[in-house]
Amino acid sequence: MMIETVKLTKSFKGKNVVDEINFYIDEGESVGLLGPNGAGKSTTISVISSLIKPSAGDVKLYGKSIIKNPAAIRKILGIVPQEIALYEELSAYENLKFFGEIYKVKRSVLEERIQEILDMVGLRERQKELVKTFSGGMKRRVNIGAALLHRPKIIILDEPTVGIDPQSRNHILETVQKLNKENGTTILYTSHYMEEVEQLCKRVYIMDHGKIVASGSKTELLNILSSEDTIKIHLNETSDDILKKIQQIESVRHVDETDDGIRIISKKGNNILSSLIHTVESQGAEITNYQIETPSLEDVFLHLTGRTLRD
Amino acid sequence: MFSFLKKDLLVLWRDRKEVLIALFAPILLVVILNFAFSDIGVDDPKNIDLSVAIVMEDDAEASMQQIEATIQSAPLSDNEQQTLLETAHAIVPSDLLFELFLDDSDLSQWISAERLTASAAAEKMENGDLDAIVHIPAGFNYDVLMQLLLGEVTDTRVKLQIEEHSLQTDILYDIMDNYLNGLNLHLALDHLAEGNIEGAMLPTGGRELLNDEVEPYPYTFAQYFTMALSTLFALFIASTIASKTATEKRQRVINRIIITNTRPVSFLFGKVTATFFFTLLQLLFVCVIVHLALGIFAGKSIEFWFITVLIITFFSLTVAGLSAMFTSLMLRMNSINLATGIFTMIIMLLGTLGGSFFPIGEMSPFMQSLVEWTPNGITTSLFIEALQYGTDAPLLAAFSKQFLLFILFLLIGIFLFPERREV
Ligand SMILES: Nc1ncnc2c1ncn2[C@@H]1O[C@H](COP(=O)(O)OP(=O)(O)O)[C@@H](O)[C@H]1O
Ligand SMILES: [Mg+2]
């Protein structure tokens, strides 16, 4: 086990923002931390990276607490903070050079490494330009680059793709994947986009309200839903009344209206379809389209917390 | 360490406008002030004339005889008595005062002074023909000489009666104040030069800081405020540099820096060194440009310039220390605005205590002793003393103080530097 948290707790003004969480990361693993805004992901990361002290509990690196001795984790950790942490008045190159120097990367290799990183994040051509002139996506890419200079054994990325263009996003995801697969770098990837976590991570922790509500590989998590079906229906007309009536069907766990139709989660096995048809028709409407969905992590989250990741 | 300096200088360089403003603001102000004060009369003496009456209530001759008798009866060797007698006749205090008003060519350009009796002066004042009366009290010469030569503490005060307060009468006040201070200083030095008078004979309290704003001789008002103002401006550099830290905080780079295991000194080193060079540059700029443009230091020796560079160097060191303290405070405090506010208050306090706003002579003794520990106060008074005495000014003592302050501020900075971000 590389990193382990033991009943890690952090409170602000008496409120537990991170609440007794236990998790671990093995060397070379790629682990996702999934949860909606405000779940406590960034706070957890700040504690792990020794930027703030926990209120209770412990963080262990190879079995040794880092609370008293933060130097150990700082040496092997690269952190990509949620907020861009760069000198706006300096160029991309100058930023990387400065951070490389203070990470004490040897002068003889620094130059080469900077160019390598600039290639990796696709900014070699624009390295001389000031960061403040960059788009959000480009800043995010430099932000990642600045965490790679000292070749960290573990990289923690805190929502590195928030608010950027799809092209930059793909670039970032590819970079992270490459780091993990080719360099064997351990990854902790935080996001509230479950597609990203699904794509990148072998193992996922789902966090909500400061607690870990579920964990495991993707299949393990999806098994949580093995007793449920997700059904999507389209109606010729909808109303709140219809939704309410559907909710009242005995085997239905959850109903909500999405961009494409009404989503229904129900217990497996019951003959839900006939009940649905009956209910809808009794309200004078008609089902125009019907499909049973393969569940996603999003659905798992919905199941566990009763809300969606983007709430 | 040098990575931080490089980065700090680069960031400053990218912000050239602010840097240039910081460099030129004091120059501009000194030049403007210089012209403002020129208007009072140095350029055009006819524009101003302050009529002052000097009322001599002391019988100088009797006072001198009395002091002779006192010296002769003092338990001193003949040699010592002889020196004292000569000194007494060389510096008859009331004569010096008359010289100041009646003969000094600079002053007589804009002050017309005359000797009058008390009643004549009062009448003239009543008619509005006088701006001020200088009363020299009975026993003045005796008292002053007793104090100067024999260390007897007396309570003699020249009275300045002013008809209506104005900038000009304020200047007159300062001249008087300075004259009295100057008497102490000159004499103290004479004694030291002669070498055969014991230290116990120096006037009680010894040297006093000279901080008054007008001194036709040996230093000029312009020379004074050049240093008083530019040291004040220089203090703001510490705050400016610390506010760059606010940007680092806002841009979160400080978090990145903290988790690289960077030692506080390295981070502060950049700030301190940048501040040092910047302050040095600013003050040298001010002195040189002000001199080239206005000839403020005309006729000064190479030696004087050398001392000035030294004084500025040590002062810059102290400001640099201050920037370390401000930087750590900035990192610790949640509100950037509050932090900046506190820095400004500290600087204004130092400015006030250091005599950048009003003469120190009017403060309580306790406050005056604080003055001697403000970076700008030490610098300004040392500079004034250097103007007057060259290498005889107490350079070493002042430099040690500055250096001590630098170390103190730096240590506070290092101590306060957050190892983790406090939340
Ligand atoms: N410094 C702080 N002081 C007080 N509350 C905070 C602080 N930082 C975070 N919080 C609160 O803690 C909760 C979790 O925040 P965060 O860890 O940023 O969540 P996430 O990264 O999952 O969006 C939020 O409710 C947030 O308001
Ligand atoms: Mg967050």
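Computed from a prediction, not measured in an experiment: that's the story for all the values here.

Digging into the sheet that holds strand β13 (residues 261-267) of chain A
By way of backbone hydrogen bonds, the strands of a sheet pair with one another, either parallel or antiparallel. Residues and elements named next belong to chain A. Pairing in this open sheet of four strands is antiparallel, and the strands run β12-β13-β11-β14 from one edge to the other. Two strands bound the open sheet, and with one partner strand each, they are β12 (252-258) and β14 (287-293). Neighbour to neighbour, the strand axes of the sheet diverge by 20° on average, direction disregarded. Note that strand β11 (residues 228-235) and β13 share six bridges and pair antiparallel. Of the residues in β13, the one forming a bridge with Ile231 is Ile264. Where helix α9 (residues 240-247) meets the sheet, its contacts fall on β11, β12 and β13, and the angle it forms with β12 comes to roughly 160°. Its contacts with the sheet put helix α10 (residues 272-282) on β11, β12, β13 and β14, and the angle it makes with β14 is roughly 150°.

Quick look at the pattern of salt bridges
A side chain of one charge can pair with a side chain of the opposite charge when the charged atoms of the two come close. All names here are of chain B. Applying the stated criterion across every chain yields a total of 21 salt bridges over all chains. A salt bridge links Asp8 to Lys7, with the nearest nitrogen and oxygen atoms 3.0 Å apart. One connected set of salt bridges, linked through shared partners, spans Lys7, Asp8, Glu248 and Lys271.

As for the site of ligand 1
Looking at ligand 1, there are 13 residues lining it, with A:Gly38, A:Gly40, A:Lys41, A:Ser42 and A:Thr43 nearest. More than one chain approaches ligand 1, the contributing ones being chains A and B. In this structure, an oxygen atom belonging to ligand 1 sits 2.5 Å away from a side-chain N or O atom of A:Thr43. When the free accessible area of ligand 1 is taken as 560 Å², the share hidden by the protein chains comes to 65%. Ranked by residues supplied to the shell around ligand 1, first place goes to helix α1 (residues 41-48) of chain A with three residues. Residue classes in the shell around ligand 1 are distributed as five nonpolar, six polar and two charged.

Structural notes on the coordination of the magnesium ion (ligand 2)
For a metal with four donors in a tetrahedral arrangement, the ideal angle between donors is 109.5 degrees, while six donors in an octahedron ideally sit at 90 or 180 degrees. Protein coordination at the magnesium ion (ligand 2) comes from A:Ser42 (OG) and A:Gln82 (OE1), with a distance range of 2.0 to 2.1 Å. Of this pair, A:Ser42 sits in helix α1 while A:Gln82 sits in the loop between β6 (77-80) and α3 (92-102); the two residues are 40 residues apart in sequence, bridging distant segments of the chain.

Describing helix α10 (residues 221-250) of chain B
All names here are of chain B. Under the 1.5 Å per step criterion, the end-to-end length of α10 is 44 Å for 30 residues, consistent within 8% with the ideal 44 Å. Across the 30 residues that make up α10, a large majority, 24, are buried. The positive-phi residue at the C-terminal boundary of α10 is Arg252, with phi of around 65°.

Quick word on unusual backbone geometry
Residue and element names in this part refer to chain A. The backbone of Lys104 sits at a positive phi, close to 60°, despite the residue not being glycine. Counting through the fold element by element, Lys104 comes out in the loop between α3 and α4 (107-120). Taking relative accessible area as the criterion, Lys104 reaches 62% and is therefore assigned exposed. In the Ramachandran plot, Glu159 falls in the positive-phi region, its phi being about 45° despite a non-glycine side chain. A relative accessible area of 3% places Glu159 in the buried class.

Brief notes about the confidence of the model for chain B
Residue and element names in this part refer to chain B. Per-chain confidence: chain B averages 76 in pLDDT, with 77% of residues scoring 70 or above. Confidence, expressed as mean pLDDT per element, reaches its minimum in chain B at helix α9 (residues 167-194) with 56 and its maximum at helix α13 (residues 302-332) with 92. Every residue in residues 39-46 is under pLDDT 50, and counting partners more than four places away or in other chains gives ten contacts. Of the regions scoring below 50 in pLDDT, residues 185-217 engages in 78 contacts with residues more than four places distant in sequence or in other chains. Of the two predicted TM-score estimates for the complex, the pTM is 0.68 and the ipTM is 0.77.

A few points about the packing of α10(B) against helix α14 (residues 336-353) of chain B
Residues and elements named next belong to chain B. Between α10 and α14, whose axes approach to 10 Å, the crossing angle comes to 170°. If you check the angle between α10 and α14, you find them roughly antiparallel. Where α10 approaches α14, its residues Leu232, Leu235, Phe236, Ser239, Ala242, Ala246 and Arg250 are matched on the opposing element by Ile336, Phe343, Thr344, Ile347, Met348, Leu350 and Gly351. Within the contact of α10 with α14, the residues separate by chemical class into ten nonpolar, three polar and one charged.

About the thresholds
- Residues numbered from 1 in each chain as written.
- Chains lettered and ligands numbered in written order.
- Predicted model: local features only at pLDDT ≥ 70, side-chain atom pairs only at ≥ 80, totals over all residues.
- Heavy atoms only, no water.
- Pairing = 2+ DSSP bridges.
- Helix = DSSP H or I, 4+ residues; strand = E, 2+ residues; numbered from the N terminus.
- Axes fitted to C-alpha atoms, helices over the stretch in contact; angles between N-to-C directions.
- Contact = heavy atoms within 4.5 Å.
- Salt bridge = Lys/Arg side-chain N within 4 Å of Asp/Glu carboxyl O.
- Near = heavy atom within 4 Å.
- Polar contact = N/O pair within 3.5 Å; in protein donor to acceptor, adjacent residues only side chain to side chain.
- Areas by Shrake-Rupley, 256 points an atom, 1.4 Å probe, with all protein chains shown as cover.
- Nonpolar A, V, L, I, M, F, W, Y, C, P; charged D, E, K, R; others polar.
- Donors = N, O, S within 2.8 Å, 3.2 Å for Na, K, Ca; no water.
- Expected span 1.5 Å × (residues − 1).
- Buried < 20%, exposed > 50% of the residue type's maximum accessible area, 1.4 Å probe, protein only.
- pLDDT = per-residue confidence, 0-100.
- Parallel < 35°, antiparallel > 145°, perpendicular 65-115°, else oblique.

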